[in-house]
Amino acid sequence: MSDDIQLKSHYELAIVGCGPAGMSAALNAKIRNKDFILLGGDFCSPKLAKAPHVDNYLGFSNITGEELRQNFLKHLEDMEIPIVPLKILNVYPGPPFTLMGANESFTADAVILATGVSPTKLLPGETELLGRGVGYCATCDGPLYKGKKVAIISYSKEGEGEANYMAEICSEVIYIPFYKDVGHLDPRIIQKKGRLKEITGGMKVEKLVLDNEEIPVDGLFILRETLPAEQIVPGLEMDKGAILVNRDLATNIPGLYAAGDCIGQPYQLNKAVGEGGIASLSAIKFIDEMKK
Ligand SMILES: Cc1cc2nc3c(=O)[nH]c(=O)nc-3n(C[C@H](O)[C@H](O)[C@H](O)COP(=O)(O)OP(=O)(O)OC[C@H]3O[C@@H](n4cnc5c(N)ncnc54)[C@H](O)[C@@H]3O)c2cc1C
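To start, this report covers the structure provided alongside it. (Residues numbered from 1 in each chain as written. Predicted model: local features only at pLDDT ≥ 70, side-chain atom pairs only at ≥ 80, totals over all residues.)

This part is about the site of the ligand. In the vicinity of the ligand, 34 residues are found, and the nearest of them are Gly17, Gly19, Gly41, Gly116 and Gly260. Looking at the shell around the ligand, the elements with two or more residues in it are α1 (20–31), α2 (46–50) and α8 (269–291). When grouped by side-chain class, the residues that make up the shell around the ligand number 16 nonpolar, 13 polar and five charged. (Near = placed C-beta within 6 Å. Helix = DSSP H or I, 4+ residues; strand = E, 2+ residues; numbered from the N terminus. Nonpolar A, V, L, I, M, F, W, Y, C, P; charged D, E, K, R; others polar.)

Attention now goes to helix α6 (residues 158–169). Buried within α6 are the following residues: Gly159, Glu160, Glu162, Ala163 and Met166. Buried residues of α6, seen end-on, are gathered within an arc of 165° and therefore sit on one face of the element. In this fold, the buried residues of α6 make contact with α5 (138–141), β8 (149–154), β9 (172–177) and β14 (219–223). (Buried ≥ 20, exposed ≤ 12 C-beta atoms within 10 Å, placed from the backbone. Arc of directions from axis to C-beta. Contact = placed C-beta atoms within 7 Å.)

Right, let's get into unusual backbone geometry. With the exception of glycine, most residues fall at negative phi, and the peptide bonds are largely trans. A cis amide bond, omega -15°, links cysteine 44 with the succeeding residue serine 45. Along the chain, serine 45 turns up in the loop between β2 (36–39) and α2. For the peptide bond that leads from glutamine 265 to proline 266, omega is 0°, which places it in the cis range. Mapped onto the elements, proline 266 comes out in the loop between β17 (256–258) and α8. With a phi close to 60°, asparagine 33 is a non-glycine residue in the positive phi region. Inspection of the secondary structure assignment puts asparagine 33 in the loop between α1 and β2. Overall, asparagine 33 belongs to the exposed group, with 9 C-beta atoms counted inside 10 Å. With a phi angle near 55°, aspartate 181 is a residue other than glycine that sits in the positive phi range.

Shown next as structure tokens:
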């Protein structure tokens, strides 16, 4: 992973997600000599790494997900394709599209979403209270919660940095981790465990309800590996939780394509890799036609 890459203000193509679908899209963009950026989480991809044994990927008869992941990363390295470890929080339609991380933004003529799917369902109350005290990036909204009480639900270590930052400014920070081996947390942070039931509130969030207690909060942040696609892109058409695409893997927004698990089942590597390639070729065609 490349930590030291300077973001440019504009790219022809932005690929959001560095799993098999995103990596495959990047490969095609490189071969077609496009000016593109491949963006991912800290680890590409946790799902692939977890596959204990893959026996349905053509050409590799006896391989683990982690071995395949290393092969994919090596292929990108050989092709000199860096992965920029930046989580994209919002994509505002264009072209040019505006892509926003927690502290950075840039534009792109076309975008491919390859963000995978979250293994966790949205909580009851989450969609209704989103933007009313419920959010997906604690550090982005931090200043709004100065001197207030917040809870952070995190599915990966990435949440620890956000919680430590909030501990500097909030009166109380509750941290509810859903992963093993919690690392360094500011001693002011209170850790809790419990099964998530719902989020309650009216005009603003009021409580996070666990199976074993109710926690009154001013703000609540849910840090999943993958954000709901319709929250990333306003106006994105979905169908039963999957991004709606046509045969070219174009979404309802011109210039925006999607590939892999995020466009629906079956959740398989060969499908993700194939779709990454198709989405890339479609996006390249869009970019080339736009320039004519
Ligand atoms: C335990 C397990 C075993 C499996 N075994 C098999 C198997 O044997 N055979 C098979 O075919 N499939 C298997 N699969 C399924 C396979 O792993 C998935 O279908 C495949 O990984 C999907 O690829 P993807 O690129 O669509 O998404 P993912 O692999 O989920 O990758 C998405 C990537 O996008 C990143 N991302 C998400 N949101 C953002 C954002 N907003 N900004 C930046 N980056 C973002 C994530 O960090 C992640 O790295 C298995 C899955 C699991 C969990």
